[in-house]
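What follows is each chain in one-letter form.
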Amino acid sequence: MTRRELDAAGITRSELRQAYARCRELNARHGRTYFLATRMLTPAQRPAVHALYGFARRLDDLVDEPEPGATPDAIASTLLDVEDEFLKELAAGHSDDPLRTAVIDTATRYAIPEPYFRAFFASMRMDLTVTGYPTRAALDEYVHGSAEVIGLQVLPILGTVVPRAEAAPRAAALGKAFQLTNFLRDVAEDLGRGRVYLPADELAAAGVDHDRLAWCVRTRRIDPPVRRALADQVAATRRVYAEAHPGIAMLHPVSRPCVATAYVLYGGILDRIEAAGFNVFAGRARVPRHRRLVAACDALVRAQWARRRHPAVT
């Protein structure tokens, strides 16, 4: 964490500055794209975003990259212990753990409700035992804790020009849209971990089951039923993006360039999937580097302009 960012955010206590610095290092090392996106935010906003990222990353790693030999039951027990300890620390307002110290300070500064954190822990536990989702409603339950609450946690940091409650459903929808995009892009990778993050009943309506998806992974090919199923899933995800889009204008002007760029680039992954004939098994869908650079440069220009117009929040 740079001194400028910490000073801008009003973080003065030595232990807090060190805690936020640890979160920034974690973000820079593991979330490079996400880290670059934070550069479009004002210095005052960045520490809190780094703290939330670091916390989510640590829990994700606990589930997806466990210690060798760790069983699902052991991981679940550890996750429950971490949740219990964190919620107690959140209520008390302090922690001896540097990363959690920064998260608790962020939650206090921005009045982030405790249920958002509980929902995130619940979805992390689901990943230990749930390998598929029978319906859209079942998937939505998981996505609420894994993605929607992330949008809701970040919303007060971004700021709004409307009452927060009015912008909240749009922020949740954007988090959901990003997560659904990841699910489509990573079908093959997730199947390799024994998970399918697509509603089973919707796949079945197109004639697709686990075995058919597994064949696509093995052969790196796609057949007509899977193509139809994925086309339907892309269309459903685009509807979530459409639901989220009005929320960008509800954000504080200094935050809009960052979120608008993420909206365009993540939506661009769907374009790439569609352009590849929905064959997500032959390679990872990526937005071309030149397009990402152009979008980032444009966003940085717009972000600088917005900060000059609103210097009080920079």
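Relevant structure appears above.
This is a predicted model, so every value here is computed, not measured.

Engineer: Could you clarify how one ought to interpret the overall build of the protein chain in this entry?
Structural biologist: Helix and strand counts for the protein chain come out as 15 helices and 0 strands. Taking the principal axes of the C-alpha coordinates as reference, the protein chain spans close to 60 × 45 × 35 Å. Expressed as a percentage of its 314 residues, the buried residues of the protein chain come to 51%. For the protein chain, contacts bridging at least 24 residues in sequence account for 71% of all contacts bridging at least 6. A total of about 14,900 Å² of accessible surface is found on the protein chain, and carbon and sulfur atoms cover 55% of it. With 43 positive and 37 negative side-chain charges, the protein chain shows a spacing of 10 Å between the two charge centroids.

Engineer: Could you clarify how one ought to interpret the layout of surface pockets in this entry?
Structural biologist: Unoccupied space between atoms shows up once a probe the size of one water molecule is rolled over them. Here the second largest pocket defines a volume of roughly 200 Å³. Counting residues per element, the ones that place at least two in the lining of the second largest pocket are helix H2 (14-30) and helix H6 (98-109). Considering every element that reaches the lining of the second largest pocket, the biggest residue donor is H6, with 5 residues. Here the residues of the lining of the second largest pocket are counted per class, giving 4 nonpolar, 6 polar and 5 charged.

Engineer: Hey, could you run me through the nonpolar core in this one?
Structural biologist: One recurring pattern in soluble globular proteins: nonpolar side chains tend to sit buried together. With 95 residues, the main nonpolar core has Phe86, Phe117, Leu230, Ile273 and Phe281 as its most contacted residues. Other than its neighbours up to four places away in sequence, Leu230 contacts Leu184, Leu198, Ile222, Phe278, Val280 and Phe281.

Engineer: So what exactly am I meant to see when it comes to unusual backbone geometry here?
Structural biologist: Glycine aside, negative phi is the norm for most residues, and most peptide bonds take the trans geometry. Positive phi, close to 60°, is recorded for Arg220, a residue that is not glycine. Unusually for a residue other than glycine, Phe278 sits at a positive phi of about 70°.

Engineer: What's the story with the pattern of salt bridges in this structure? I'm lost.
Structural biologist: Once their charged atoms are close, side chains differing in charge can pair, the charge on each being opposite to the other. Summed over the entire model, instances satisfying the criterion amount to 22 salt bridges. A salt bridge links Glu5 to Arg24; the shortest N-O distance between them is 3.3 Å. Linking Glu5 in helix H1 (residues 3-8) with Arg24 in helix H2, this pair joins segments that are 19 residues apart in sequence. Its relative accessible area of 1% is what places Glu5 among the buried residues. For Arg24, a relative accessible area of 17% translates into the label buried. Between Arg13 and Glu15 there is a salt bridge, with its nearest N and O atoms 2.8 Å apart. One continuous salt-bridge network, built from bridges that share partners, spans Glu5, Arg24, Arg39 and Arg46.

Engineer: Sorry, what's going on with helix H12 (residues 210-219) here?
Structural biologist: Helical geometry note: an α-helix holds 3.6 residues per turn, so side chains three or four residues apart project in the same direction. Buried within H12 we find Leu213, Ala214 and Cys216. Down the axis of H12, the buried side of the element spans an arc of 155°, and every buried residue falls inside it. Pointing more than 90 degrees away from the buried face of H12 are the exposed residues Asp211 and Arg218. In this structure, the buried side of H12 is in contact with helix H10 (187-192), helix H11 (200-205) and helix H13 (224-244). The backbone nitrogen of Asp211 lies 3.3 Å from a side-chain oxygen of the residue at the head of H12, namely Asp209. Looking at the residues trailing H12, positive phi occurs at Arg220, about 60°.

What counts and how
Here the residue numbers are simple positions, counted from 1 along each chain's written sequence. Only residues with pLDDT of at least 70 get local features here, since the model is predicted, and only at 80 or more are side-chain atom pairs given and counted; chain-wide, interface and lining totals rely on the full set of residues. With hydrogens and water excluded, all non-hydrogen atoms of the structure serve as input to the side-chain values. We count a stretch as a helix when DSSP gives it H or I for four or more residues in a row; a strand needs E for two or more, and each element gets its number in order from the N terminus. Whether a residue is buried, partly exposed or exposed follows from its accessible area with a 1.4 Å probe, protein chains only, as a fraction of its type maximum: under 20%, in between, or over 50%, in that order. By definition, residues are in contact when any of their heavy atoms lie within 4.5 Å. Accessibility throughout is a Shrake-Rupley quantity obtained with a 1.4 Å probe, and a residue counts as covered only by protein chains that appear here. Residues scored as positive are Lys and Arg, those scored as negative are Asp and Glu, and His as well as the terminal groups of each chain are ignored. A single reference atom marks each charge: NZ on Lys, CZ on Arg, CG on Asp, CD on Glu. We place a 1 Å grid over just the protein atoms. Points where a 1.4 Å probe fits but has no way out form a cavity, open points with protein on both sides within 12 Å along at least 5 of 7 lines form a pocket, and any residue with an atom within 4 Å of a point lines it. Grid points are joined across faces, edges and corners, and a volume is the space filled by probe spheres set on the points. Under the scheme applied here, ten amino acids are nonpolar (Ala, Val, Leu, Ile, Met, Phe, Trp, Tyr, Cys and Pro), four are charged (Asp, Glu, Lys and Arg), and all others, including Gly, are polar. For our purposes a nonpolar core is just a set of buried Ala, Val, Leu, Ile, Met, Phe, Trp, Tyr and Cys residues, chained together by side-chain atoms within 4.5 Å. One side-chain nitrogen of Lys or Arg within 4 Å of one carboxyl oxygen of Asp or Glu is enough to make a salt bridge. It is the directions from the helix axis to the C-beta atoms that the arc portrays. Whenever two N or O atoms come within 3.5 Å, that pair is a polar contact, provided that in protein one can donate a hydrogen and the other can accept it, and provided that, for residues adjacent in sequence, both atoms are side-chain atoms.

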